[in-house]
Protein chains: 2
Amino acid sequence: MNGLSSINIYSPADLSQSLQTMDTPCLLVDEARMNTNILRLHDRLQKAGVAFRPHFKTAKSWDVFSRMMTGPHGPATVSTLREAEELIRHGVTDIIYAVGISPDKLPRVQRLRKGGITLAVLLDSVEQAVAVASASDPFDPIPVLIELDCDGHRSGVKPQDATLLLSIAKALTPKARLMGVLTHAGESYEARGQAALEAAAEQERMAVVTAAETLRAAGHPCPVVSVGSTPTAFTAQSYEGVTEVRAGVFVFFDLVQAGIGICTTDDIALSVLSTVIGHQREKGWTIIDAGWTALSSDRGTAGQTVDQGYGLVCDVAGHPMADLVVTIVNQEHGIVAARPGSPRLDCDLPIGTRLRILPNHACATATQHDRYHVIGAGKNTVTEIWERGRGW
Amino acid sequence: MNGLSSINIYSPADLSQSLQTMDTPCLLVDEARMNTNILRLHDRLQKAGVAFRPHFKTAKSWDVFSRMMTGPHGPATVSTLREAEELIRHGVTDIIYAVGISPDKLPRVQRLRKGGITLAVLLDSVEQAVAVASASDPFDPIPVLIELDCDGHRSGVKPQDATLLLSIAKALTPKARLMGVLTHAGESYEARGQAALEAAAEQERMAVVTAAETLRAAGHPCPVVSVGSTPTAFTAQSYEGVTEVRAGVFVFFDLVQAGIGICTTDDIALSVLSTVIGHQREKGWTIIDAGWTALSSDRGTAGQTVDQGYGLVCDVAGHPMADLVVTIVNQEHGIVAARPGSPRLDCDLPIGTRLRILPNHACATATQHDRYHVIGAGKNTVTEIWERGRGW
């Protein structure tokens, strides 16, 4: 990952800077909120008696991820092989690469598996299974999960498609090792209300449990039964037959999750610190130095009941300023205005005012930055810098 | 910039990799197209007798930018002070920081100006002018441009607002140095057809010329009269009274510019190389390993005549595959399908197929990557790696 390894360019003087003086735009993490979010999911899953396999893709920072994990060596989920490399470097040995494998990535997978690393790949076709079996050493078979499509969101075998499931299992055997089944309830992001969320979670569970039963009935061991999405992780009523839960965005939460009802805006641990650089007062515009390079262009709340534009505006202490959102983003400019349809606010934010913008989608906003500026629990200054990686 | 300085992690072996074998997703630059794009604008502006001040914000790479410049020391435009630092490190001495200044950034501006660097700041209020004058050393005044709002796009003084213009000039004098006026025809991106583009360019020109005349009539020298946007740079019919033109995205061009009519898709020098990782055949979906981390979430063509989704799909040689676009992006997945409304394509792209995705917005897509993989003129392999920076 980018400079994630060793370089710390920050002098102690930088860390003494207050939110009123540090360079903007920059990415802030509220450590207390983050810790609470982690504790909340750990508690819930521990009570449910199901293992937790956190996803690295949101934070992409060892400083954050080491707190999300339930053990020093994993389990863990990644979305790129670069993420897997980073976790292996930190001693993680149990990893699922949860994006469908292409055959050309198998040599790199094999290099990463050296030294006893469990790095499982995901697939949903016979074509991929043949390629993985072909790349496998029979004395060291590549572990494989079959991806299920529980809700039409993206990739995966339909849970009822026993023919395809068994054809894939057959193509894997005996050279590769079928480790289990996995699904992601991506459509749970569209669910509204507790009943709909519980239904999405149950649909997610049923998809993998059904597929696991099909495979086992045909004599294929299927030890891992993996589900995961932040909305279902917080609402599932049963984990019967499920062995593990994956989630990532919960560590910071965001406006999309608040819109779904999984958290409140007071739980959101990530924000972009920015500075007012101008106005177009007759339009009710306040212009800030955070555009899409700092906030991302994610519009994840566009289809929700409350459209948060490109982010909800808070004061420097993190308190939302009712109905002020970022309505337009250019590369290095954001335009703050009253949410469309709101009564026009007579907002007076002089040039130089510091504002914090809560993100629509924590993964997307974090990706735009190379480091987290950590506001320590109980503090109002930056107490640590956590490097963040990206790339493939 | 991120590791931009010295590290080259690529061995000669990496450079011999073909587009069929290199790790994906990754960012490609077609060097021949890029050179042609640069030549086209240089030629046009040279014939018009107006200076060119290229914008660093699109490429953020010295390897690219050094070819865009008309001289080894500038002139240049930047959108962040980090960009200015990078250019100064490479010997550029004539820079405009073309985003409204906030007072807290002035100490950093002053540090960057040491050693005879002309780093001009932009402002559109008396409040900022007072702050800049206050930060200025009368023996080394900070150069200032007043931003004009030529089309209601974003920041800037209305060209007709002589009172505000003169109040700003008065607040600057004598401690800071009024260097000129600047505007950006951001709304030219919405113009359709040659006549509308020419009108946008003329409106851009008139805004700065009018303001410069107002300032000069009141005794304020106004040597720099700066306009700039890629659409107007290619369509303006007159530069009378204008001293320089700024543009950035033209170096790569993109689908938004093609939609406006400033280029064709055959001129687009930037693409994301990706690999097919799966299908949902009954939906006509081909799934690739390029999601929003690789493509960005930019939907700049959404309001254009031809909506290109999250990018236009080309084969590995760079030829567009009619009506195939990226219709959905998740973090590491892209869904390729026929453009909505198109006849369903019977596309057969096996797992492992390499595709190149042309970007909606070159600036946004490039920002998602740390390096350019350069396809040398007349070659079909990567001949160079150019590092790219980001951050503030």
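Residues numbered from 1 in each chain as written. Chains lettered and ligands numbered in written order. Predicted model: local features only at pLDDT ≥ 70, side-chain atom pairs only at ≥ 80, totals over all residues. Heavy atoms only, no water.

This part is about the overall build of chain A. Across its full length, chain A carries 12 helices and 17 strands. A globule of 392 residues ought to have a C-alpha radius of gyration of about 21 Å, and chain A, at 22 Å, matches this closely. Each principal axis of the C-alpha distribution contributes one length, and for chain A these read about 70 × 45 × 35 Å. Taking all 392 residues of chain A together, 62% fall into the buried category. Taking contacts inside chain A between residues at least 6 apart in sequence as the whole, the part at least 24 apart equals 67%. For chain A, the exposed area adds up to about 13,600 Å²; of that, 53% sits on carbon and sulfur atoms. Across chain A, the mean location of the 35 positive side-chain charges is 3 Å away from that of the 42 negative side-chain charges. (Helix = DSSP H or I, 4+ residues; strand = E, 2+ residues; numbered from the N terminus. Rg over C-alpha atoms; globule rule 2.2 N^0.38 Å. Buried < 20%, exposed > 50% of the residue type's maximum accessible area, 1.4 Å probe, protein only. Contact = heavy atoms within 4.5 Å. Areas by Shrake-Rupley, 256 points an atom, 1.4 Å probe, with all protein chains shown as cover. Lys, Arg positive; Asp, Glu negative; His and termini not counted. Charge placed at Lys NZ, Arg CZ, Asp CG, Glu CD.)

To continue, consider the sheet that holds strand β5 (residues 118-123) of chain A. By way of backbone hydrogen bonds, the strands of a sheet pair with one another, either parallel or antiparallel. All names here are of chain A. Taken together, the eight strands give an open sheet; going across it, the order is β2-β9-β8-β7-β6-β5-β4-β3, and neighbouring strands pair in parallel fashion. Because the sheet does not close on itself, it has two edges, and the strands there are β2 (51-54) and β3 (76-78). Put simply, the sheet's adjacent strands are angled 30° from each other on average, direction ignored. Alignment of β5 against strand β6 (residues 143-148), held across three bridges, turns out to be parallel. The partner of L122 across the bridge, within β6, is L145. Those strands touched by helix α6 (residues 126-135) are β4 (94-100), β5 and β6, and its axis lies near 150° from that of β5. (Pairing = 2+ DSSP bridges. Axes fitted to C-alpha atoms, helices over the stretch in contact; angles between N-to-C directions.)

This part covers the interface of chain B and chain A. Taken together, the contact between chain B and chain A spans 61 residues of the former and 61 residues of the latter. Interface area, chain B with chain A, both sides summed: about 4,900 Å², of which 45% is carbon and sulfur. When the buried surface of chain B facing chain A is broken down by residue, B:R154, B:R390 and B:W392 rank first, second and third, together holding 16% of it. In this assembly, chain B and chain A are joined by 10 salt bridges. A:R108 serves as the salt-bridge partner of B:D23, at 3.3 Å between the closest nitrogen and oxygen. When residues of the side of chain B that touches chain A are assigned to their parent elements, the largest contribution, five residues, is made by strand β10 (residues 270-280) of chain B. Tallied by class, residues from the side of chain B that touches chain A come to 17 nonpolar, 24 polar and 20 charged. (Buried area = accessible area lost by both parts, 1.4 Å probe. Salt bridge = Lys/Arg side-chain N within 4 Å of Asp/Glu carboxyl O. Nonpolar A, V, L, I, M, F, W, Y, C, P; charged D, E, K, R; others polar.)

Quick look at α6(A) now. Taken as a whole, α6(A) has its buried residues at A:Q128, A:A129, A:A131, A:V132 and A:A133. The secondary structure elements touched by the buried residues of α6(A) are β4, α5 (106-113), β5, β6 and α7 (162-172) of chain A together with β10 of chain B.

All names here are of chain B. Relative to the helices and strands, A218 is located in the loop between α8 (194-217) and β8 (224-228). For A218, a relative accessible area of 41% corresponds to the partly exposed category. Residues A218 and A169 lie 49 residues apart in sequence; the distance between their C-alpha atoms is 9.5 Å.

To continue, consider the domain arrangement of chain A. All names here are of chain A. Under the domain assignment, chain A is made up of domain 1 (12-27 + 262-387) and domain 2 (56-247). Taken over C-alpha atoms, the centre of domain 1 sits 35 Å from the centre of domain 2. If you look at the interface, domain 1 gives nine residues, while domain 2 gives 14 residues. When the buried surface of domain 1 facing domain 2 is broken down by residue, I262, C363 and W386 rank first, second and third, together holding 59% of it. The interface formed by domain 1 and domain 2 includes zero salt bridges. Linking domain 1 with domain 2 are two residue pairs in polar contact (both at pLDDT 80 or more). Going through the elements one at a time, α12 (362-367) and β17 (382-387) are the ones with two or more residues in the side of domain 1 that touches domain 2. (Domains from an automatic or database assignment. Polar contact = N/O pair within 3.5 Å; in protein donor to acceptor, adjacent residues only side chain to side chain.)

What follows deals with the relation of the copies chain B and chain A. In screw terms, the move from chain B to chain A is a rotation of 180° and a rise of 0.0 Å along the axis, fitting with an RMSD of 0.0 Å. Within this description, the copies of the chain are treated as partners about a two-fold rotation axis. Ranked by how close their C-alpha atoms come to the rotation axis, the residues of chain B are headed by B:S297, at 2.8 Å. Most of the interface of chain B is mirrored in chain A: 100% of its interface residues are interface residues there too. (Least-squares fit on C-alpha atoms with pLDDT ≥ 70 in both.)

Residue and element names in this part refer to chain A. Where α7 contacts helix α8 (residues 194-217), the axes come no closer than 10 Å and their chain directions differ by 55°. On the basis of the axis angle, α7 is oblique to α8. Along this stretch, α7 crosses α8, giving a crossing that reads as right-handed. Along its contact with α7, which presents A162, L165, L166 and A169, the element α8 presents A211, T214 and L215. In terms of residue class, the contact of α7 with α8 is made up of six nonpolar, one polar and no charged. (Parallel < 35°, antiparallel > 145°, perpendicular 65-115°, else oblique. Left-handed = near helix turned anticlockwise from the far one by under 90°.)

All names here are of chain B. As defined by bridge partners, strand β16 (residues 371-375) adjoins strand β17 (residues 382-387) across five bridges and the pair is classed as antiparallel. Its bridge partner being in β17, R371 is matched across the sheet by E387. If you look at the hairpin formed by β16 and β17, you'll find six residues sitting between the two strands, and G378 has a positive phi there, around 80°.

So, about the nonpolar core. By size, the foremost hydrophobic cluster in this structure holds 225 residues, and its most contacted members are A:F252 and B:F252. In this view, A:F252 contacts A:V29, A:M34, A:N37, A:T58, A:A59, A:V64, A:D267, A:I268, A:A269, A:L270, A:A362 and A:Y372; residues no more than four positions away in its chain are not counted. (Core = buried A, V, L, I, M, F, W, Y, C linked by side-chain atoms within 4.5 Å.)

A few words now on the state of the cysteines. This structure, assessed with the given rule, holds zero disulfides over all chains. Cysteine A:C363 is unpaired, with the sulfur of A:C263 as its nearest cysteine sulfur at 13 Å. Its sulfur unpaired, B:C314 is 13 Å from the next cysteine sulfur, which belongs to B:C263. Residue class for B:C314 comes out buried when judged on its relative accessible area of 0%. (Disulfide = S-S within 2.5 Å.)

Here we take up the environment of B:S167. Residues and elements named next belong to chain B. By the secondary structure assignment, S167 is in helix α7 (residues 162-172). We classify S167 as partly exposed; its relative accessible area is 31%. As for S167 and S125, which are separated by 42 residues in sequence, their C-alpha atoms are 8.6 Å apart.

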